Amino acid sequence: MLVCMTRSDLYIKPGIIIPEHEFEITASRSGGPGGQHVNKTSSRITVRWQVDTTTAIPEHLKERIKQKLHTQISGDGFLIVHNSTSRSQQQNKEAALENLAQIIRAALHIPKKRIATKVSASKQEARLQKKAQRGSTKKLRHKKISFDE
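Residues numbered from 1 in each chain as written. Predicted model: local features only at pLDDT ≥ 70, side-chain atom pairs only at ≥ 80, totals over all residues. Heavy atoms only, no water.

**Q** Just checking my understanding: could you explain helix α3 (residues 89-108) for this structure?
**A** Side chains of residues three or four places apart in an α-helix project in the same direction, reflecting 3.6 residues per turn. Taking 1.5 Å of rise per residue, the 20 residues of α3 would be expected to cover 28 Å, and the 29 Å separating its terminal C-alpha atoms lies within 8% of that figure. Looking at α3, one finds that the buried residues are N92, A96, L97, L100, A101, I103, I104, A107 and L108. Structurally, α3 contributes buried residues whose contacts are with β1 (10-13), β2 (16-18), β3 (23-28), β4 (44-50), α2 (59-68) and β5 (78-83). (Helix = DSSP H or I, 4+ residues; strand = E, 2+ residues; numbered from the N terminus. Expected span 1.5 Å × (residues − 1). Buried < 20%, exposed > 50% of the residue type's maximum accessible area, 1.4 Å probe, protein only. Contact = heavy atoms within 4.5 Å.)

Here is the structure:
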């Protein structure tokens, strides 16, 4: 399968690329310090992505995303990311999209199952021998000394 990716498409992981047209990107005035520059430029970027209607992700992975990110998904099904760290609108857009990609990657990550292991018999025996040796050393220190002459 050949996937044609434009510069603005969002790469998540092999086989999953979200096309640019699925994002709603808006700019607004950024808050915080910055003087007159903040008051007259719209450098804050908001990226909205609707999980339910995306065509880039299979259904079983959509369910996983909705389950993992249920606290971050709005009531109408949008995953919303804001960024206003830079004075540049373009840098904020790139940072917001990368942040969105990281959030989605984290939600799609399936941790490896832990395989329970047992301590070998020889290691257990060695540990018990060491404990016994340490105990006998301590016992020798507690020897009562009598001064009967």
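**Q** Help me understand the environment of R141 in this model?
**A** Assignment of secondary structure puts R141 in helix α4 (residues 121-141). Sequence separation between R141 and T117 is 24 residues; the distance between their C-alpha atoms is 38 Å.

**Q** Before we go on, may I ask you to explain the packing of aromatic side chains in this structure?
**A** Ring pairs (aromatic) are described by centroid distance and by the angle formed between their planes. Scanning the model with the defined rule gives 0 aromatic pairs in all. Across the ring face of F78, the terminal group of R48 is positioned such that the distance to the ring centre comes to 4.0 Å. (Phe/Tyr/Trp six-rings, centres within 6.5 Å; stacked < 30°, edge-to-face > 60°. Lys NZ or Arg CZ within 6 Å of the ring centre and 35° of its normal.)

**Q** Before we go on, may I ask you to explain the sheet that holds β4 in this structure?
**A** In sheet architecture, strand pairing relies on hydrogen bonds along the backbone and comes in two forms, parallel and antiparallel. If you trace the 3 strands from one edge of the open sheet to the other, you get β3-β4-β5, paired in antiparallel fashion. Of all strands in the sheet, those with a lone pairing partner are β3 and β5, marking the two edges. Pairwise comparison of adjacent strand axes, ignoring direction, gives a mean angle of 20 degrees for this sheet. Sheet topology note: the β4/β5 ladder contains 6 bridges and is antiparallel. When the sheet's bridge partners are listed, V47 is paired in β5 with V81. (Pairing = 2+ DSSP bridges. Axes fitted to C-alpha atoms, helices over the stretch in contact; angles between N-to-C directions.)

**Q** Would you take a moment to explain the confidence of the model for the protein chain for this structure?
**A** Segments scoring low in pLDDT should not have their predicted coordinates read at a detailed level. Residue-level pLDDT values for the protein chain average 87, and 93% of them are 70 or greater. Per-element confidence in the protein chain is highest for α4, whose mean pLDDT is 94, and lowest for helix α1 (residues 36-40), whose mean pLDDT is 77. Of the regions scoring below 50 in pLDDT, residues 1-5 engages in 4 contacts with residues more than four places distant in sequence or in other chains. (pLDDT = per-residue confidence, 0-100.)

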